[in-house]
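Close look at the chain arrangement
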Amino acid sequence: MTRMRTRRRRRDERGSVSVWAVLIVAAFTLTVGISVDLTGQIAAKQHATDIAAQAARIAGQQADPNQLMGGGTTVTVDTSRARRAALDYIAGADMTGTATITAGGTQLEISVTATYTPVFITAIGIGPISVTGTSTARLVRAQDGTER
């Protein structure tokens, strides 16, 4: 009789390890998937910030030529040319953004919006994620490394 009890108990526990293995693999896959997609989102945000910084640099290069040649202490940008140059650069990177010029044309604020499409978490219904990068540039006149 003792033998029979042991056999029944073993039969009743069959497959219990398989259930745990499936649950552990599913949890591990979910953890790896979230990690990959979070890393991808961070990389997309960094790329948007890089595009914003380059757009600010390009906008800053649209300095008013009359002020540059006049030798004054303040340099401002041609606001319409600067805004257009920044937005064209952003559009060329297949992103959208805004360009704000403040402080009398000496401060440029660029904001870029991009979309990151997750690799793994789309399976649970999380779709494209919007990321934003920003950059600010200030125009100064400098000679030999010193601001004038």
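Attention here is on the structure that accompanies the text. (Residues numbered from 1 in each chain as written. Predicted model: local features only at pLDDT ≥ 70, side-chain atom pairs only at ≥ 80, totals over all residues. Heavy atoms only, no water.)

Before going further, it helps to spend a moment on unusual backbone geometry. Of note in this structure, Asp 94 is not a glycine but carries a positive phi near 60°. In this structure, Ala 103 is a non-glycine residue whose phi angle is positive, near 55°. Residue classification places Ala 103 among the exposed residues on the basis of a relative accessible area of 52%. (Buried < 20%, exposed > 50% of the residue type's maximum accessible area, 1.4 Å probe, protein only.)

In this model, helix H4 (residues 79-92) (14 residues) spans 20 Å end to end at C-alpha, consistent with the 20 Å of a helix rising 1.5 Å per residue. Buried within H4 we find Ala 82, Ala 85, Ala 86 and Ile 90. Angular distribution of buried residues about the axis of H4 spans 130°; they occupy a single face of the element. Phi turns positive, to about 60°, at Asp 94, one or two residues after H4. (Helix = DSSP H or I, 4+ residues; strand = E, 2+ residues; numbered from the N terminus. Expected span 1.5 Å × (residues − 1). Arc of directions from axis to C-beta.)

Note that Gln 62 resides in the loop between helix H2 (16-60) and helix H3 (65-70). A polar side-chain atom of Gln 62 sits 3.2 Å from the main-chain carbonyl oxygen of Ile 58. The contact partners of Gln 62, leaving out residues within four places of it in the chain, are Val 77, Asp 78, Arg 81, Ala 82 and Ala 85. (Polar contact = N/O pair within 3.5 Å; in protein donor to acceptor, adjacent residues only side chain to side chain. Contact = heavy atoms within 4.5 Å.)

A contiguous nonpolar surface patch, about 450 Å² in accessible area, is contributed by Phe 28, Val 32, Val 36, Val 119 and Phe 120. Here Val 36 lies in helix H2. (Patch = residues over 30% accessible without salt bridge, like charges linked within 9 Å, V, L, I, M, F, W, Y side chains within 5 Å. Areas by Shrake-Rupley, 256 points an atom, 1.4 Å probe, with all protein chains shown as cover. Salt bridge = Lys/Arg side-chain N within 4 Å of Asp/Glu carboxyl O.)

The next thing to look at is the pattern of salt bridges. Within the structure shown, the criterion is met by one salt bridge. Close ionic contact of Arg 84 with Asp 88 constitutes a salt bridge, the shortest N to O distance being 3.1 Å. Taken as a pair, Arg 84 and Asp 88 lie in helix H4 at a separation of four residues, close to a single helical turn. Residue Asp 88 is classed as partly exposed on the basis of its relative accessible area of 43%.

By the secondary structure assignment, Asp 37 is in helix H2. In this structure, Asp 37 is buried with no salt-bridge partner, the nearest side chain bearing the opposite charge being Lys 45 at 17 Å. Here the side chain of Asp 37 touches Phe 120 through a polar contact of 2.9 Å, landing on its backbone nitrogen. The residues contacting Asp 37, other than those within four sequence positions of it, are Tyr 116, Pro 118, Val 119, Phe 120 and Ile 121. (Lys, Arg positive; Asp, Glu negative; His and termini not counted.)

The subject of this paragraph is the pairing of strand E2 (residues 107-116). Residues Leu 108, Ile 110, Val 112, Ala 114 and Tyr 116 line the buried face of E2, whereas the alternating positions Gln 107, Glu 109, Ser 111, Thr 113 and Thr 115 sit on a face that is not buried. Relative to E2, strand E1 (residues 96-102) runs antiparallel, the two sharing seven bridges. What sits directly across from Ile 101, in E2, is Leu 108. Hairpin geometry of E1 and E2 is characterised by an intervening segment of four residues between the two adjacent antiparallel strands and by a positive phi of about 55° at Ala 103. (Pairing = 2+ DSSP bridges.)

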